[in-house]
Amino acid sequence: MSPTVVTVYRWELFKLRYQKRTYLGLGAAALVPIIFAAAIHFRHDRHGGDFAFSSYLTRSGLAMPLVILLFGAVWMFPLITALVAGDIFASEDHNGTLKTIFTRSLERWQIFAGKGLAAATYAIVAILINGTVAVVAGSMESGFNSLQSLSGTIVSAPKALELVYVSLLVYLIPIATIVCIGLLLSAVTRNSAAAVVGTLMISLLFQLIGILPGLGGLQPYLLSTQFNAWQGLLRTPIDWSPIVRAAWVCAMYGVPALAAAFLVFLRRDVAGG
Amino acid sequence: MTVDPGTGKGDIPPPVEVRGLVKRYGDLTAVAGVDLTVNVGDVYGYLGPNGAGKTTSLRMMLGLIRPTAGSARLFGRDPMQSVHALDGVAGFVEAPTFYPYLSGRRNLELLAAFDGHGAARRIEQALDTVELSDRARDRVGGYSHGMRQRLGIAAALVRDPKLMLLDEPGTGLDPAGMRDMRQLVRRLADQGITVMLSSHLLAEVEELCNRVAIIQAGKIVYEGEIAALKRSAGATYRLSTTDNERALAVCRAQPGIADVGVEHGRIRFAAGEAVVAELSQALVEAGALIKALTPQTATLEDLFFSLTEGGEGADGHHPGVVPESAAPMGPAR
């Protein structure tokens, strides 16, 4: 049987199991909600709820994953995503293994697709782990209770749980763009550290542009703004406009980055290693 | 009849056919128009000094580098068009490389999966062939250089190749490792695998290969059989007589004798066998009786230095190779 994109995808996931950066990112994704829960627990006991968001968090554990999305929007999740997306081609350069895999029976586009899918899978898993741990830790600390929406209405706990996971899915839209930018920098720089840091810097740069005076008009079209699109789900009725805008704005940044990464990877000379 | 390893059809083009291959990096020309042909069954040596363009041209043959001009075809297929041009082809350029955090066996499993077509079934046999079965579960990060070289051969063998391109397979190996590598290449050739082997180790190439290409500054300065190259050098002789002064004069006067000189108290000259017989008679008639007349055979090393440096061989003299006339440049057919 001939190898396919799925062959590359499966082996890329297998290789991720043996790399420290995988556990660094997934560990951070799991640890942050636990730290949040501990912080709420101890601060609440001592001072009766002066921790930022503590009143919101102490009413329902289901608020925890959403608050973490707010906290980690522009830096934490992009960093976790970039740890793998920025490394996935550059590590082949580091190990000198591109020449090894390019001389087997797979076309370069198949290798690119398999690696890209693996990087995206890692980001999805990291965010789902984070959300799930946050739901569990938050519920243990504050209870599995109904949630107050951003419009002030009360949402039942099961419905709130559903909204939490749909919010995580919406949050994956800008994260997919971060994956594309990470892939591009990984293919272009051929250096893992440069690609990881570069991806994070681009994410932070968007946030910086958003707060510069006089550039407020750009705000709806910045990548950083799209990290908050999920908040439309927490309004009554649901406001789909930020989510729709996130889809095309993210595509506007992500598709060219992905196309450029693809062309660089397809046409590059493998002169080292 | 030869059979195409990819299609199974007969009467195939040569395993390697390179025509006018050029690679430029800005103002630097790394490969300046290489032409060579590796035929089925060859153990083909690819020789050249460091920086001559060996590895760059091998990378172009494997589709890793895009040529600036010219073409490299493997069994008639262009590796820049599709990776299927590498069907039936395996090997490595520079040191073979693997994922250091995976075991040797896992690396081979990954590569076999990337090969498909039942390559995974050949892993155990490949590990046995390179004598790595007992270390196959260890991480490659802990392998010695020699073990990685052998794993590189194993990775090539799982593709069940008809052509192997090996770039400096003996580099960095200890004497026992080099001997094992030579034996391995010989076994592969005995199994009918065509081997193209780049090497700095001239004795190794002389021992293993039937044909060679010598590259210098990005250009092929000789391509053909090693035996023909040696013949082209002509025979040189060392002569000792009862009166060397008189013998030297006889040698210089004798038609058909060239490159006459004195070296370590003995006369050195180049000539054909028929001329040497006439010289013997002339020496006797001149009263210089022969004490010793010894033919000297040029080694590949002598010829290599002569072609690439135009200079002196290992024994300190020109072996007398005249590549323009005796060993025509360009592809041998």
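Residues numbered from 1 in each chain as written. Chains lettered and ligands numbered in written order. Predicted model: local features only at pLDDT ≥ 70, side-chain atom pairs only at ≥ 80, totals over all residues.

**A few points about the packing of helix 8 (residues 108-142) of chain A against helix 12 (residues 241-267) of chain A**
Residue and element names in this part refer to chain A. Between helix 8 and helix 12, the least distance of the axes is 9 Å, while the angle of their chain directions is 135 degrees. The orientation of helix 8 relative to helix 12 falls into the category oblique. Note on packing geometry: the crossing formed by helix 8 with helix 12 is right-handed. Counted together, R108, W109 and F112 of helix 8 and F262, F265 and L266 of helix 12 form the full contact between these two elements. (Axes fitted to C-alpha atoms, helices over the stretch in contact; angles between N-to-C directions. Helix = DSSP H or I, 4+ residues; strand = E, 2+ residues; numbered from the N terminus. Parallel < 35°, antiparallel > 145°, perpendicular 65-115°, else oblique. Left-handed = near helix turned anticlockwise from the far one by under 90°. Contact = placed C-beta atoms within 7 Å.)

**Re the nonpolar core**
If you look at the biggest cluster of nonpolar residues, it comprises 165 residues, and the most contacted ones within it are A119 and L183 of chain A together with A154, V158, V195, L197 and I214 of chain B. Of the residues forming this core, the biggest block, 16 residues, is contributed by helix 9 (residues 157-189) of chain A. Contacts of L183 of chain A, omitting those with residues within four sequence positions, involve A85, I88, F89, G116, A119, L258 and A261 of chain A. Core analysis: the second largest hydrophobic core is formed by 12 residues, Y237, V250, I267 and A271 of chain B among them. (Core = buried A, V, L, I, M, F, W, Y, C linked by C-beta atoms within 7 Å. Buried ≥ 20, exposed ≤ 12 C-beta atoms within 10 Å, placed from the backbone.)

**Examining the confidence of the model for chain B**
All names here are of chain B. With 89% of its residues at a pLDDT of 70 or more, chain B shows a mean pLDDT of 85. Taking the mean pLDDT of every element in chain B, the minimum, 32, falls on helix 11 (residues 323-326) and the maximum, 97, on helix 2 (residues 104-115). Taken together, the stretch residues 311-333 has pLDDT below 50 and engages in 53 contacts with residues farther than four places along the chain or on a different chain. On the interface metric, ipTM, the complex scores 0.90, and its pTM is 0.85. (pLDDT = per-residue confidence, 0-100.)

**Some words on the environment of E124 of chain B**
Assignment of secondary structure puts E124 of chain B in helix 3 (residues 123-129). Between the C-alpha atoms of E124 of chain B and R105 of chain B, which are 19 residues apart in sequence, the distance is 8.7 Å.

**Remarks on the interface of chain B and chain A**
In this assembly, 22 residues from chain B lie in contact with 24 residues from chain A. Looking at the side of chain B that touches chain A element by element, the count peaks at five residues for helix 2 of chain B.

**Considerations on the domain arrangement of chain B**
Assigned domains within chain B: domain 1 (16-225) and domain 2 (235-296). Here domain 1 of chain B and domain 2 of chain B have C-alpha centroids that lie 46 Å from each other. (Domains from an automatic or database assignment.)

**Things to note about the sheet that holds strand 1 (residues 16-25) of chain B**
In a beta sheet, neighbouring strands pair by backbone hydrogen bonds and run either parallel or antiparallel. All names here are of chain B. Within the open sheet, the three strands sit side by side as 2-1-4. Their pairing is antiparallel. Where the open sheet ends on each side, the last strands, each with one partner, are strand 2 (28-38) and strand 4 (69-74). Taking the axes of each pair of neighbouring strands and ignoring which way they run, one obtains an average angle of 20 degrees across the sheet. Sheet topology note: the strand 1/strand 4 ladder contains five bridges and is antiparallel. Along strand 4, the bridge assignment pairs E17 with R73. The sheet strands contacting helix 1 (residues 54-61) are strand 1, strand 2 and strand 4, and the helix crosses strand 1 at an angle near 115 degrees. (Pairing = 2+ DSSP bridges.)

**A word on the sheet that holds strand 8 (residues 211-216) of chain B**
All names here are of chain B. If you walk across this open sheet you meet the six strands as 5-6-7-3-8-9, and the pairing is mixed. Since the sheet does not close on itself, it has two edges, and those belong to strand 5 (89-92) and strand 9 (219-225), each with one partner. The average undirected angle you get between the axes of adjacent strands in this sheet is 15 degrees. Direction of pairing for strand 5 relative to strand 6 (residues 163-167): parallel, over a ladder of four bridges. By the bridge assignment for strand 6, G91 is matched with L165. Set on the sheet, helix 10 (residues 300-308) makes contact with strand 3 (43-47), strand 8 and strand 9; between it and strand 8 the angle comes to about 35 degrees.

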